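One-letter residues, chain by chain:
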Amino acid sequence: ESQQLRKGSIAFHIGILAIFVGHFVGLLTPNVLWHALGVSASTKQLIAMTAGGFFGLICLYGMVILINRRLTNPRVRAAGTRMDIAILLVLFVQLVLGLCSIFVSAGHLDGEEMLKLMSWAQNIVTFDPTTAAASVASVHWIYKLHILLGMVIFVLFPFSRLVHMFSAPIKYIGRNYQVVRRK
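Residues numbered from 1 in each chain as written. Predicted model: local features only at pLDDT ≥ 70, side-chain atom pairs only at ≥ 80, totals over all residues. Heavy atoms only, no water.

### Some remarks on the overall build of the protein chain
Then comes step 1: Counting its secondary structure elements, the protein chain contains eight helices and zero strands.
Then comes step 2: Listing every helix and strand of the protein chain by position from the N terminus yields α-α-α-α-α-α-α-α.
Then comes step 3: Expressed along its principal axes, the backbone C-alpha trace of the protein chain runs to roughly 55 × 30 × 30 Å.
Then comes step 4: Per-residue burial for the protein chain yields a buried fraction of 36% across its 183 residues.
Then comes step 5: Considering only contacts in the protein chain between residues 6 or more positions apart, those separated by 24 or more positions represent 77%.
Then comes step 6: Just so you have it, the protein chain exposes about 11700 Å², and 72% of that area is on carbon and sulfur atoms.
Then comes step 7: In the protein chain, 16 side chains carry a positive charge and 6 a negative one; their mean positions are 22 Å apart. (Helix = DSSP H or I, 4+ residues; strand = E, 2+ residues; numbered from the N terminus. Buried < 20%, exposed > 50% of the residue type's maximum accessible area, 1.4 Å probe, protein only. Contact = heavy atoms within 4.5 Å. Areas by Shrake-Rupley, 256 points an atom, 1.4 Å probe, with all protein chains shown as cover. Lys, Arg positive; Asp, Glu negative; His and termini not counted. Charge placed at Lys NZ, Arg CZ, Asp CG, Glu CD.)

Put into structure tokens, the structure is as follows:
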């Protein structure tokens, strides 16, 4: 069981962290900087599809192990909450949507929808929701659903164990697994 946890946890965390950093850098780096570096929107889209697909599959592998463990291991299930299961399933759906969006992106490699999504993210960060909404008005529904579910995760975040990512000091990496028991 501990080997199952180790395989699932490592794969999930490597995948999710790479995806998070990729979204952060890819969406929030101004397009002017990408052009200054000689990276066109279509090239950036190909990089995002390749790296996102690679790390998405790693994350999916780990997540399937963790969900299976959470749902089938009686001890783990007893120590968890409904929110633990709910957030895992929401993250799973979000991951599958992200992986499916790769196939949508492959249908148009001009980078135009990538630029619209970048505009949306940058306008959200700069608190310009009207311009952000206009940026994604014409993108494929799968991107809109991916954005919506991302916002749902953002809202659920403080009420779930996802907050552990803010309490991870350096020694966290080498520590033993945390045992959680209810009284």
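### Quick word on the packing of helix 3 (residues 41–72) against helix 5 (residues 82–106)
Then comes step 1: It is the contact of helix 3 with helix 5, at a shortest axis distance of 9 Å, that shows an interaxial angle of 150°. Here helix 3 is positioned roughly antiparallel relative to helix 5, judged by the angle of their axes. In this structure, helix 3 crosses over helix 5, and the sense of that crossing is left-handed.
Then comes step 2: Partitioned by chemical class, the residues of the contact of helix 3 with helix 5 number 18 nonpolar, five polar and two charged. (Axes fitted to C-alpha atoms, helices over the stretch in contact; angles between N-to-C directions. Parallel < 35°, antiparallel > 145°, perpendicular 65-115°, else oblique. Left-handed = near helix turned anticlockwise from the far one by under 90°. Nonpolar A, V, L, I, M, F, W, Y, C, P; charged D, E, K, R; others polar.)

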